[in-house]
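Structural description and commentary
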Amino acid sequence: MSESPSTLQPGDVVMLVDERRKQFILRLESGAELQTHRGVLHHDDLIGAAWGSRITTHLGYSFVALVPTLYDHLLHLRRQSQIIFPKELGYILLHLAVGEGATVIEAGSGSGALTVALAWAVGPAGHVVSYDRRKDLQDVARRNVEKFGLEPRVTFHERDIAEGFVERDAGALFLDLPDPHLYLPQVRAALRLGSPFGAILPTANQVSALVAALDQNDFARIEVCELLLRFYKPVPARLRPTDRMVAHTGYLVFARPVAEGAGAALGPDKPPDDDIAPA
Ligand SMILES: C[S@@+](CC[C@H](N)C(=O)[O-])C[C@H]1O[C@@H](n2cnc3c(N)ncnc32)[C@H](O)[C@@H]1O
């Protein structure tokens, strides 16, 4: 495996952060410049500098050059709809077993935060199929996917999923739209039986409607959860949570389509707390 150089090169994507945590993510280009609220940074002053080093604007303010992660990119994604945040994205990827070579369907595309995360995770041998009934929103998702150079891994369909999915035997399927309970027959037709299905919903009454519909449509292993993320002030002598936190983003629901009547063999669903508690 070839090592990347330890200095910034033309074409590198760099994240510049100042003392107030203001961030810019940019691709370095010889001769270009970045206008900031704290002065101008010439890309040529960055090229050749060491990763992790301090760069100064013409007004004398400092930024530090960091390697942007997928997490950083997704928080800065251009968005025109509500997006799924990294806190949920990581759990969704694991629950849906989205890894190298997987085939995954999602709806709706929205601003493409989930599309980018899925396309990144399936690797060059995998594929993501993304549905949205609104062209304007799907265009935002498409542009965000292109920004990452991931477009060969994604097929976009501008289509209402009420009309069904084109694919059959998909390995996983995720819905981020307001009324997933209406589309479970379409989901069953597209997803291989036994494979993971998931959805995210902002309100509890939407979750109730989905859980009832999952029961009626032969889905088993139903799990409902929400993920709470609490940040801490990283001060060694006074380590404590930050004053504010994001209290709610959405509820996650996961389930598996099974053969007609087969869910009865599993008994009533219970939370997986027994499985995840420490021994
Ligand atoms: C909250 S956004 C999805 C955000 C996206 N997951 C992200 O992370 O950026 C919901 C999207 O679902 C689309 N949508 C709603 N109902 C739909 C349907 N029946 N068929 C296809 N798309 C639908 C909307 O047009 C909207 O773009």
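All of these numbers come straight from a predicted model, not from anything done at the bench. (Residues numbered from 1 in each chain as written. Predicted model: local features only at pLDDT ≥ 70, side-chain atom pairs only at ≥ 80, totals over all residues. Heavy atoms only, no water.)

**A short note on the sheet that holds strand S5 (residues 54–56)**
Hydrogen bonding along the main chain pairs the strands of a sheet, whether they run parallel or antiparallel. On the basis of which strands lie adjacent, the open sheet formed by four strands has the order S2-S1-S6-S5 and antiparallel pairing. Here the strands that pair on one side only, and so sit at the sheet edges, are strand S2 (23–27) and S5. Each strand axis lies, on average, 35° off the axis of its neighbour in the sheet, ignoring direction. Relative to strand S6 (residues 62–66), S5 runs antiparallel, the two being bridged by three bridges. Bridging from a neighbouring strand, Ile 55 pairs with Phe 63 of S6. (Pairing = 2+ DSSP bridges. Helix = DSSP H or I, 4+ residues; strand = E, 2+ residues; numbered from the N terminus. Axes fitted to C-alpha atoms, helices over the stretch in contact; angles between N-to-C directions.)

**Observations concerning the domain arrangement of the chain**
Segmentation of the chain into domains returns domain 1 (13–68) and domain 2 (72–259). One C-alpha centre belongs to domain 1, the other to domain 2, and the line joining them spans 33 Å. (Domains from an automatic or database assignment.)

**Some remarks on the pattern of salt bridges**
A side chain with one charge may pair with a side chain of the opposite charge, provided their charged atoms come close. Going through the model one piece at a time under the given rule, you end up with nine salt bridges. A salt bridge links Asp 18 to Arg 38; the shortest N-O distance between them is 4.0 Å. Within this pair, whereas Asp 18 is found in the loop between strand S1 (13–17) and S2, its partner Arg 38 is found in the loop between strand S3 (33–36) and strand S4 (39–42), the two being separated by 20 residues in sequence. Arg 38 gets classed as buried once you look at its relative accessible area, which sits at 10%. Asp 139 serves as the salt-bridge partner of Lys 135, at 2.7 Å between the closest nitrogen and oxygen. Remark: Asp 139 and Lys 135 occur in helix H5 (residues 135–147); sequence separation between them is four residues, near one turn of the helix. Among the residues examined, Lys 135 registers a relative accessible area of 46% and is labelled partly exposed. (Salt bridge = Lys/Arg side-chain N within 4 Å of Asp/Glu carboxyl O. Buried < 20%, exposed > 50% of the residue type's maximum accessible area, 1.4 Å probe, protein only.)

**A closer look at helix H4 (residues 113–122)**
A large share of H4 lies buried, amounting to nine of its ten residues. Taken together, the buried positions of H4 are occupied by Ala 113, Leu 114, Thr 115, Val 116, Ala 117, Leu 118, Ala 119, Ala 121 and Val 122. Gly 123, located one to two residues past H4, shows a positive phi value of around 70°.

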